[in-house]
Amino acid sequence: MAGQVYKDKATLKEVMENYAISQRFQFRVDRSNVVRPIVVVDGSHLKSYYTGTFVSASTLDGAAYGVIDSENDAAWTWFFEQFKIAYDVPLFACIWHLWNNVYKKFKKIHAKLSKIYFSMTKAYTQAEFDSLMEKVDIRVKEYLELVGYEKWARLYAHVNRGWTMTSNIIESINVALVSARELSIYDFLEEVRKMFGRWNCSNRKEATQTYTTLGKKYQEMLTLNEAMSTCMTVVPSTEYLHTVNDGGRHYTVCLLERKCVCGRFQVDELPCPHAWAVLKSKFLMPEEYCSNYYKPNTVVMIYDVPVYPLPDKNDWNIPAHVAEEVVLPPKWKRPPGRPNKKHDKLLSELMQPKNQHSCSICGQGGHNKRTCRNAPRRI
């Protein structure tokens, strides 16, 4: 694959549309709907002698990974041939990386735009999204329209993204492998296998020892929604259709379709405060209206497949045609200068105010207690 011309990642869509999903991954995704079919793909540079790029495609239940020479069309095609992504998979953008692009392009208005942008990405209703969009500068609005609302706004997504709005899954893997990326290729891949093995075992153990109906995070959200529903009144229309009065505003809740006008019930797949009020009025258990994704039994099923350890090198049964094959080093050119071990900071990180030391006597910044002029004089 060395010597291929790099174009851009737009080729990914064409590649993804040409291959069917592998049986093993299909089994793990479709089995009792144990995990959301959201895949996060990214690459990170290796720092060993021959360099290269570590690419991975991660879901909440594991990852497929490999090493390529660089991020080019042929390499990505090979990776997706091995991974075999499902046909016509929609592509989304990480809202944090998109925000950094907006930050660089529109520097003068980013202070007011930050809160509005992230609120739009997680808006539940069309009215909420439109009201926020009216506050956005026309230039930013045109830029976001060009990107496509379905790429970054949860409201317009073709599938339920849940809380997977960023590429944090992949970024966590890249951070955990910072030191390992300086190793040789075999040692690096062995460290990756060990890391995923530890994570798989740890997550399974944590899920096994969870005795609540939902996971810790989702149980806390459910409890918070219950507290918010205490002052609401419910008026039934049918067995499943109800009207909830919340501070003068009326919301329609349908238990049969698990929907609420506020949008949170169907997007979060947890009973929203309005649905909670209906469930309490009917003496129903809220856990029955929660997604199976949030239940410990489902999490245990996710980590059913272990990451098996490799035997010692001396015990490997290597076929003759593989042992006789001569592997040449890749074609590469070492860049000038000392390799950079720290990542290049984003503009948003550089613009953040630095920590300032403050005086321990008066509490003001810019000086210390020795040079403090506000200290009381000694008599």
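This one's a predicted model, so the numbers in the text were calculated from it and none came from an experiment.

K.L.:
When you look at the overall build of the chain in this model, what are you seeing that I'm missing?
P.N.:
If you tally the helices and strands in the chain, you get 16 helices and 7 strands. Taking all 379 residues of the chain together, 34% fall into the buried category. Accessible area for the chain stands at about 24,600 Å²; split by element, carbon and sulfur atoms hold 54% of it.

K.L.:
Just checking my understanding: could you explain the packing of helix H4 (residues 95-105) against helix H7 (residues 138-147) for this structure?
P.N.:
Helix packing for two helices is described by the angle between their axes and how far apart those axes are. With their axes 11 Å apart at the nearest point, H4 and H7 run at an angle of 145 degrees to one another. Where H4 crosses over H7, the two elements pack in a sense that is right-handed. Along its contact with H4, which presents Leu98, Asn101, Val102 and Lys105, the element H7 presents Val140, Tyr143, Leu144 and Val147.

K.L.:
Help me understand the environment of Ser229, please; the structure alone is not making it clear to me.
P.N.:
Looking at the secondary structure, you find Ser229 in the loop between helix H11 (216-228) and strand S4 (233-236). What makes Ser229 buried here is its relative accessible area of 2%. Residues Ser229 and Asp246, spaced 17 residues apart in sequence, show a C-alpha to C-alpha distance of 8.3 Å. If near-sequence neighbours (up to four positions away) are discounted, Ser229 is found in contact with Pro273, Trp276, Ala277 and Lys280.

K.L.:
Can you walk me through the packing of aromatic side chains in this structure?
P.N.:
Under the criterion given, the structure shown has 18 aromatic pairs. Note on Tyr149 and Tyr156: the rings are 5.2 Å apart at their centroids and 50 degrees apart in plane angle, and the pair reads as tilted. Since its relative accessible area comes to 28%, Tyr156 is described here as partly exposed. Pairwise contacts between aromatic rings join Trp96, Trp99, Tyr103, Tyr117, Phe118, Phe129, Tyr149, Trp152 and Tyr156 into one cluster. Sitting over the ring of Tyr124, Arg154 keeps its end group 4.7 Å from the ring centre.

K.L.:
Looking at this structure, I do not really get the side chain of Ser44. What am I missing?
P.N.:
By secondary structure assignment, the location of Ser44 is in strand S1 (residues 40-45). Among the residues examined, Ser44 registers a relative accessible area of 7% and is labelled buried. Only 3.3 Å separates the side chain of Ser44 from the side chain of Asn174, close enough to count as a polar contact. Among all residues touching Ser44, those that are not within four sequence positions of it are Gly52, Thr53, Phe54, Asn174 and Arg181.

K.L.:
Is there a simple way to think about the sheet that holds strand S6 (residues 249-254) in this case?
P.N.:
Backbone hydrogen bonds hold the strands of a sheet together, and the pairing may be parallel or antiparallel. In space, the 4 strands of this open sheet follow the order S4-S5-S6-S7, with antiparallel pairing throughout. Strand pairing shows two members of the sheet lacking a second neighbour, S4 and strand S7 (259-260), which therefore form its edges. Sheet topology note: the S4/strand S5 (residues 241-246) ladder contains 4 bridges and is antiparallel. Bridge pairing in S5 links Val234 to Val244.

K.L.:
Looking at this structure, how should I read the nonpolar core?
P.N.:
It is characteristic of soluble globular proteins that their nonpolar side chains tend to be buried jointly. Grouped together as the largest cluster of nonpolar side chains are 22 residues, with contacts concentrated most on Val102, Tyr117, Met120, Phe129, Leu144 and Trp152. With 5 residues, the top contributor of residues to this core is H4. When residues no more than four places from it in sequence are discounted, the contact partners of Val102 are Leu113, Val140, Tyr143 and Leu144. Of all hydrophobic cores here, the second largest spans 14 residues; its members include Val244, Leu255, Ala277 and Leu279.

K.L.:
Teacher, can you tell me more about the environment of Glu226 here?
P.N.:
Among the secondary structure elements, Glu226 is positioned in helix H11. Taking the C-alpha atoms as reference, Glu226 lies 9.6 Å from Pro286; in sequence the two are 60 residues apart. The contacts of Glu226, once residues within four sequence positions are left out, are Trp276 and Lys280.

K.L.:
What is the right way to look at H7 in this model?
P.N.:
Since one α-helical turn is 3.6 residues long, residues separated by three or four positions face the same way. When we look at burial in H7, the residues that qualify are Val140, Tyr143 and Leu144. Seen along its axis, H7 keeps its buried residues to an arc of 95 degrees; they face one direction. Exposed residues pointing more than 90 degrees away from the buried face of H7 are listed as Ile138 and Leu146. Looking one or two places after H7, you find Gly148, whose phi comes out positive at around 105 degrees.

K.L.:
Looking at this structure, how should I read the pairing of S6?
P.N.:
For a regular strand, side chains alternate in direction, first toward one face of the sheet and then toward the other. Summarising the sheet, S5 and S6 pair through 6 bridges and their orientation is antiparallel. Across the sheet, residue Leu241 finds its bridge partner in S6, namely Cys254. If you look at the hairpin formed by S5 and S6, you'll find 2 residues sitting between the two strands, and Gly247 has a positive phi there, around 60 degrees. Looking at chain direction, S6 and S7 are connected through 2 bridges and run antiparallel. Bridge pairing in S7 links Cys254 to Lys259.

K.L.:
What should I look at first to understand a nonpolar patch on the surface in this one?
P.N.:
Nonpolar side chains collect at one region of the surface, where Tyr65, Ile185, Tyr186, Leu189, Leu310, Trp316, Ile318 and Val322 lie side by side and expose about 660 Å² of accessible area between them. Ranked by residues supplied to the nonpolar patch, first place goes to helix H10 (residues 185-208) with 3 residues. Here Trp316 is to be found in the loop between helix H14 (296-302) and helix H15 (320-323).

K.L.:
What's the story with the packing of helix H9 (residues 168-176) against H10 in this structure? I'm lost.
P.N.:
Where H9 contacts H10, the two axes come as close as 11 Å, and the packing angle between them is 125 degrees. If you check the angle between H9 and H10, you find them oblique. Here H9 and H10 pass one another in a crossing that is right-handed. Every residue of H10 that contacts H9 at Ser172, Ile173 and Ala176 is listed here: Met195, Phe196 and Trp199. Looking at the contact of H9 with H10, its residues break down into 5 nonpolar, 1 polar and no charged.

Criteria and cut-off values
- Residues numbered from 1 in each chain as written.
- Predicted model: local features only at pLDDT ≥ 70, side-chain atom pairs only at ≥ 80, totals over all residues.
- Heavy atoms only, no water.
- Helix = DSSP H or I, 4+ residues; strand = E, 2+ residues; numbered from the N terminus.
- Buried < 20%, exposed > 50% of the residue type's maximum accessible area, 1.4 Å probe, protein only.
- Areas by Shrake-Rupley, 256 points an atom, 1.4 Å probe, with all protein chains shown as cover.
- Axes fitted to C-alpha atoms, helices over the stretch in contact; angles between N-to-C directions.
- Left-handed = near helix turned anticlockwise from the far one by under 90°.
- Contact = heavy atoms within 4.5 Å.
- Phe/Tyr/Trp six-rings, centres within 6.5 Å; stacked < 30°, edge-to-face > 60°.
- Lys NZ or Arg CZ within 6 Å of the ring centre and 35° of its normal.
- Polar contact = N/O pair within 3.5 Å; in protein donor to acceptor, adjacent residues only side chain to side chain.
- Pairing = 2+ DSSP bridges.
- Core = buried A, V, L, I, M, F, W, Y, C linked by side-chain atoms within 4.5 Å.
- Arc of directions from axis to C-beta.
- Patch = residues over 30% accessible without salt bridge, like charges linked within 9 Å, V, L, I, M, F, W, Y side chains within 5 Å.
- Salt bridge = Lys/Arg side-chain N within 4 Å of Asp/Glu carboxyl O.
- Parallel < 35°, antiparallel > 145°, perpendicular 65-115°, else oblique.
- Nonpolar A, V, L, I, M, F, W, Y, C, P; charged D, E, K, R; others polar.

Nothing here speaks to function; it is all geometry.
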